[in-house]
Amino acid sequence: MKITNICCIGAGYVGGPTMAIIAQKCPEIKVTVVDLNESRIAAWNDSDVTKIPIYEPGLSDIVAESRGRNLFFSTNVDQAIDEAQLIFISVNTPTKTYGSGKGMASDLKYIELCARQIAKVAKTDKIVVEKSTLPVRTAQAIKSILENTGNGVQFQILSNPEFLAEGTAVQDLLNPDRVLIGGDQTEAGQSAIQSLVDIYSKWVSKDRILTTNVWSSELSKLTANAFLAQRVSSINAISELCEKTGASIDEVSAAVGMDSRIGSKFLKASVGFGGSCFQKDILNLVYISKSFGLHEVADYWEQVIIMNDHQKNRFSKNIVRTLFNTVSGKKIALLGWAFKKDTNDTRESAAIYVTDNLINEEAIIAVYDPKVSENQVLFDLDYLESRNPDANKKWVTCFENPYQACKDAHAIAVMTEWDEFKSYDWQKIYDDMLKPAFIFDGRNILDRKKLEKMGFIYKGIGK
């Protein structure tokens, strides 16, 4: 089938950038991104393209090039479904907070709602593509919903997981390591796979497009994220050992990373991994393993999460211990709230949990992040079951100026590796801080020796 009309349900961190790239590279295809969130769609349609809701370097320029030509953002879900030949499902699949599998399994209610909406509206044959990260065999559930509508429409279900790293999403889409497409091994299934291959082939070399059965595709995404998260937790565990033995985590990481069998990526000690994928996907893997009675497998992967939580708590405790075992009434400046640089995504950011721990010790928190609003910071804290929204406003203040955030602070904690932090006038910050001036570099991005020359008492991961 030659595709001329695409619909993507979900205008978030995956759907928006992915469809923008497809629209840019395939100007002959109409691409419509739909979402029920009216304010989000309004932001995607803002006349000032720099105000689109997703911050990714280079994304606003790509959206500006295609928007209104063959890229559209709309709340009219039914019309977009009806007109499309190929439909991407790119909605949120958070970890369940209720019922069976609470705390581990993926919550698929939004996926099911999408499937039922497609089934209700579709009058012609459709290819439906899972873009959200999903548990193995989710495609079968979607297929069951779609094939029992009784309206005679034929559906093909494909799995096309995203492998984007936020902050580099545009480059990851333009120059992917691989594009993975899974589908049925039937003639119709293979035809559907080829339709999607033809789209990606417009800018991705065919040797980087991998086709599999649908189950392998679904599991590959979970496995890739689990392996990457495992490396982060592994190096963080070694960083604690370095602190006890006098070894340097930077030197150990460099030595280990030079082994060609291991490589250097994801071997940087930090406060812990965050974002929407790693924790959710590992917990999903744990739940799937337990459901098949593979308890040793589940325990193995769950330890990665335990180590990650330990690292965040250890960082908080290090701040309290260094400030003479009390931070009550003391101002702690947090530089960075996003879970990593070059994104405004804060989901599962280490800063949220470090702040929670410090508020419990009655610290006064000052936050500066170049891309995250005060409303988002308070929303993230309010979302925690342990936090009271009214109390959060009492303990947390956000600043638009980093120097104001740091002024009169007892300590600074660097939570996100924003490049701009390296260029600050640290002498001015030191002069405006209370003495002794403590700095906790949770991402190891600042020059330790330079800071110590100024008089800072430097505490970095693994130091």
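See above for the structure.
Residues numbered from 1 in each chain as written. Predicted model: local features only at pLDDT ≥ 70, side-chain atom pairs only at ≥ 80, totals over all residues. Heavy atoms only, no water.

Let us now look at unusual backbone geometry. With an omega of -5°, the peptide bond between lysine 435 and proline 436 qualifies as cis. Relative to the helices and strands, proline 436 resides in the loop between helix H17 (426-432) and strand S13 (438-441). The phi dihedral of phenylalanine 266 is positive, around 60°, even though this residue is not glycine. Note that phenylalanine 266 resides in the loop between helix H10 (249-257) and helix H11 (278-291). Since its relative accessible area comes to 38%, phenylalanine 266 is described here as partly exposed. (Helix = DSSP H or I, 4+ residues; strand = E, 2+ residues; numbered from the N terminus. Buried < 20%, exposed > 50% of the residue type's maximum accessible area, 1.4 Å probe, protein only.)

Two numbers describe how helix H1 (residues 15-25) lies on helix H3 (residues 59-66): the axes approach to 9 Å, and their chain directions differ by 50°. One way to sum up the angle between H1 and H3 is to call them oblique. As for how H1 packs across H3, the hand of that crossing is left-handed. Residues Pro17, Ala20, Ile21, Ala23 and Gln24 of H1 touch H3, and the partners they reach there are Leu59, Ile62, Val63, Glu65 and Ser66. A class-by-class count of the residues in the contact of H1 with H3 yields seven nonpolar, two polar and one charged. (Axes fitted to C-alpha atoms, helices over the stretch in contact; angles between N-to-C directions. Parallel < 35°, antiparallel > 145°, perpendicular 65-115°, else oblique. Left-handed = near helix turned anticlockwise from the far one by under 90°. Contact = heavy atoms within 4.5 Å. Nonpolar A, V, L, I, M, F, W, Y, C, P; charged D, E, K, R; others polar.)

Within strand S6 (residues 155-159), five of the five residues are buried, leaving the element largely enclosed by the surrounding structure. Burial along S6 is two-sided: Phe155, Ile157 and Ser159 facing one way and Gln156 and Leu158 facing the other are all buried.

Attention now moves to the side chain of aspartate 441. Relative to the helices and strands, aspartate 441 resides in strand S13. Buried charge aspartate 441 goes without a salt bridge, the closest partner of opposite sign being arginine 443 at 7.4 Å. Polar contacts involving the side chain of aspartate 441 include one to the main-chain amide nitrogen of asparagine 444, which spans 2.9 Å. The residues contacting aspartate 441, other than those within four sequence positions of it, are Phe315, Val414, Leu446, Tyr458, Lys459, Gly460 and Ile461. (Lys, Arg positive; Asp, Glu negative; His and termini not counted. Salt bridge = Lys/Arg side-chain N within 4 Å of Asp/Glu carboxyl O. Polar contact = N/O pair within 3.5 Å; in protein donor to acceptor, adjacent residues only side chain to side chain.)

On to the pairing of S13, then. Burial along S13 is two-sided: Phe438 and Phe440 facing one way and Ile439 and Asp441 facing the other are all buried. Bridging between strand S12 (residues 411-414) and S13 involves four bridges; their strand directions are parallel. Looking across to S13, one finds that alanine 413 is bridged to phenylalanine 440. For the crossover from S12 across H17 to S13, the handedness is right-handed. Bridge count for S13 against strand S14 (residues 457-460) is four bridges, and the pairing is parallel. Along S14, the bridge assignment pairs isoleucine 439 with tyrosine 458. One crossover worth recording links S13 to the parallel S14 by way of helix H18 (residues 448-454), and it is right-handed. (Pairing = 2+ DSSP bridges. Right-handed = clockwise from strand over helix to strand, strands pointing away.)

Glancing now at helix H5 (residues 109-121). Over its 13 residues, H5 runs 18 Å from end to end, which matches the ideal 18 Å to within 8%, given 1.5 Å per residue. Those residues of H5 lying buried are Ile111, Cys114, Ala115, Ile118, Ala119 and Val121. (Expected span 1.5 Å × (residues − 1).)

Counting across every chain of the model gives 14 aromatic pairs. Both rings, one in tyrosine 424 and one in tryptophan 426, keep their centres 6.0 Å apart while their planes meet at 40°; by these two values the pair is tilted. Classification of tyrosine 424 by relative accessible area gives buried; the value is 11%. Note that lysine 30 overlies the ring of phenylalanine 72, its terminal NZ or CZ placed 5.6 Å from the centroid. Taking the ring centre of phenylalanine 163 as reference, the NZ or CZ of lysine 221 above it sits at 5.9 Å. (Phe/Tyr/Trp six-rings, centres within 6.5 Å; stacked < 30°, edge-to-face > 60°. Lys NZ or Arg CZ within 6 Å of the ring centre and 35° of its normal.)

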